[in-house]
Amino acid sequence: HPGYGFLSENERFAEIIEAHNLIFVGPKPEHIRTMGDKVEAKRTAVALGLPVVPGSPGAVVYGDEARKIAEGIGYPVLIKAASGGGGRGMKVVNSESELESQMQQAGTEAKAAFGDATVYLEKYLGNPRHIEFQVFGDGNGNAIHLGERDCSLQRRHQKILEEAPSPVISAAERARMGGIVSKAMADMGYRGAGTIEMLLAPSGEFYFLEMNTRLQVEHPVTEFITGIDLVRAQLHVAATGTLPFEQDAVRHRGHAIEARLYAEDASRGFLPQAGTASRVRWPHGSFVRVDRGIEAGDDVSVHYDPMLAKVIAFGSTRDAALARLTGALDTARVHGVVTNLPFLRALTRAPQVAAAEFDTEWIEREFLPGFEALMQRS
């Protein structure tokens, strides 16, 4: 079981495991390969009947073809790295005069981050929400979904708060889109856990964004509202080749929200931090879960991802879950290393977050300027 790390989406690793007559707790190698390449993933999504954002049919380099594609889909357009994620190698282009330089920058970033400079173009959807569906397949043509998560609160395409269910998705829409993604996974013969990430445009249309062939960092919010242990479900599929439950058995109750705690200084452009955690106190109590990677005395290095912990809270309503998360963050302490705790505490208290009136760009567009001014005054 590879967990979240690089091996969880390495098709060669999965092939080696199976070549030695061991069981890989994850998807088939060919599905890891297909969905790991965003260009190929988009082609596959089209073949499976998933709605996709208009864009180039495949990889593209700067030239007449790129200019023609960008003009055809209309500016602004989004340049994306074929082999990456997390916002690296991603650039928004507002006019043709910017296209060449932005494509060069995107390719350079993609090469440095992923070893692959390949990029492609998509229509840029202004002010969307980021919605993802948790799916499970048995590898034999059967698949189900466990509902959606709303990951719209993000900065530079990095998620900060995640919640389930989405406050803007109706039960009817959940059933409709869940049915579409489940059928796609069944037709694909997908095995194990996966996440179908989508953009919800202001018009109400869903578009396939990418697929992660593993559990997501934010899977605990789905576990809270379904009562299903997703790691256990992965093990069941790997051991038996069957799903541990039918679609009708999946029930949602209440609401859950997760905050990502990072070793970064939000007052200095979210600069990653390092040091020794001299004192650590994690929140505890009913309906609060903390998945953490450090305790007091541990070193925090710049050589690894700066996420230190996930704080997850559950409530019978969204308001209750948000209040419980805010309280949990208030009691958390990490001394010796600068973290984004002040940022998270302010974010969970924002009126727009309470009202669920935000999109993927809201933090940078509206919240961050006020937060930075507050930090400067303090």
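The preceding data block contains the structure.
Along each chain, residue indices are assigned from 1 in the same order as the chain's sequence is written. With pLDDT at 70 or above as the cut-off, local features in this predicted model cover only qualifying residues; side-chain atom pairs require 80 or more to be listed or tallied, and sums for whole chains, interfaces and linings still use all residues. The side-chain values count all of the structure's non-hydrogen atoms but skip hydrogen atoms and water molecules.

> It is not clear to me how the packing of helix 9 (residues 318-331) against helix 10 (residues 341-348) should be interpreted in this structure. Could you clarify?
Angle between the axes and distance between the axes are the two parameters that describe a pair of packed helices. Angles shown run from 0 to 180 degrees and are taken between the N-to-C directions of axes, each axis being a line fitted to C-alpha atoms and, for helices, limited to the stretch in contact. Each helix is a run of H or I in the DSSP string that is no shorter than four residues. Each strand is a run of E no shorter than two, and both are numbered from the N terminus. As a packed pair, helix 9 and helix 10 sit with axes 10 Å apart at the nearest point and diverge in direction by 155°. With respect to each other, helix 9 and helix 10 are oriented roughly antiparallel. For the pair helix 9 and helix 10, the crossing hand works out as left-handed. For the pair formed by helix 9 and helix 10, the contact residues are Leu322, Leu325, Thr326, Leu329 and Asp330 on the first element and Leu341, Leu344, Arg345 and Thr348 on the second. Polar here means any residue outside two lists: the nonpolar Ala, Val, Leu, Ile, Met, Phe, Trp, Tyr, Cys and Pro, and the charged Asp, Glu, Lys and Arg; Gly therefore counts as polar. Class assignment for the residues of the contact of helix 9 with helix 10 results in five nonpolar, two polar and two charged. In this scheme, roughly parallel covers angles under 35 degrees and roughly antiparallel covers those over 145, while 65 to 115 is roughly perpendicular and the rest are oblique. By convention, the crossing between two helices is left-handed when the near helix turns anticlockwise from the far helix through less than a right angle, and right-handed when the turn is clockwise. Pairs of residues are marked as contacts when any of their non-hydrogen atoms sit within 4.5 Å.

> Explain the layout of surface pockets here, please?
Regions of empty space are outlined by a rolling probe, equal in size to a water molecule, passed over the atoms. In this model, the second largest pocket occupies a volume close to 180 Å³. Forming the walls of the second largest pocket are Gly293, Ile294, Asp299, Val300, Ser301, Tyr304, Asp305, Pro306, Met307 and Leu308. If you list the elements that add at least two residues to the lining of the second largest pocket, you get strand 15 (299-300) and strand 16 (307-315). Per-class residue counts for the lining of the second largest pocket are six nonpolar, two polar and two charged. Each cavity reported here is a set of points on a 1 Å grid over the protein atoms alone in which a 1.4 Å probe fits but cannot get out, each pocket an open set with protein on both sides within 12 Å along at least five of seven lines, and each lining residue one with an atom within 4 Å of a point. Grid points are joined across faces, edges and corners, and a volume is the space filled by probe spheres set on the points.

> What should I look at first to understand the sheet that holds strand 1 (residues 77-81) in this one?
Strand pairing in a sheet relies on backbone hydrogen bonds, with the paired strands running either antiparallel or parallel. Following DSSP output, two strands are said to pair if at least two bridges run between them. Here three strands make up an open sheet; going across it, the order is 2-1-3 and the pairing antiparallel. In this open sheet, the two strands that pair with only one neighbour each are strand 2 (91-93) and strand 3 (119-123). Sheet twist, expressed as the average angle between the axes of neighbouring strands with direction ignored, equals 30°. Each of strand 1, strand 2 and strand 3 is contacted by helix 5 (residues 96-114), which is oriented at about 170° to strand 2, the strand it contacts most.

> I'm lost on the nonpolar core in this one. Help?
Note on soluble globular proteins: their nonpolar side chains tend to be buried together. Definition of nonpolar core: a set of buried residues of the types Ala, Val, Leu, Ile, Met, Phe, Trp, Tyr and Cys, connected through side-chain atoms within 4.5 Å. Buried, partly exposed and exposed residues are distinguished by accessible area as a fraction of the type maximum, computed with a 1.4 Å probe on protein chains only: under 20%, between the cut-offs, and over 50%, respectively. Among the nonpolar cores identified, the biggest contains 41 residues, and Phe343, Leu347 and Trp362 are the most heavily contacted of them. Elements represented by at least two residues in this core include exactly strand 6 (158-164), strand 9 (255-262), strand 14 (288-292), strand 16, helix 9, helix 10 and helix 12 (362-377). Non-local contacts of Phe343, meaning those with residues more than four positions away in its chain, are made with Ile160, Ala266, Phe270, Ile363, Phe367, Leu368 and Phe371. Residues Ile131, Val181, Ala184 and Ala186 belong to the second largest nonpolar core, which totals 23 residues.

> It is not clear to me how the packing of aromatic side chains should be interpreted in this structure. Could you clarify?
For any pair of aromatic rings, the description rests on two quantities: the centre-to-centre distance and the angle between the ring planes. Two aromatic rings, drawn from Phe, Tyr or Trp (for Trp, its six-membered ring), form a pair once their centres lie within 6.5 Å of each other, and the interplanar angle then sorts them: stacked below 30 degrees, edge-to-face above 60, tilted otherwise. The tally for this structure, following the rule as stated, stands at eight aromatic pairs. Judged by centre distance (5.5 Å) and plane angle (25°), the rings of Phe224 and Phe314 are stacked. With Phe224 in helix 7 (residues 219-226) and Phe314 in strand 16, this residue pair connects regions lying 90 residues apart in the sequence. Residue Phe224 is classed as buried on the basis of its relative accessible area of 18%. Taken together, Phe270, Phe343, Trp362, Phe367 and Phe371 form an aromatic cluster joined through their ring pairs.

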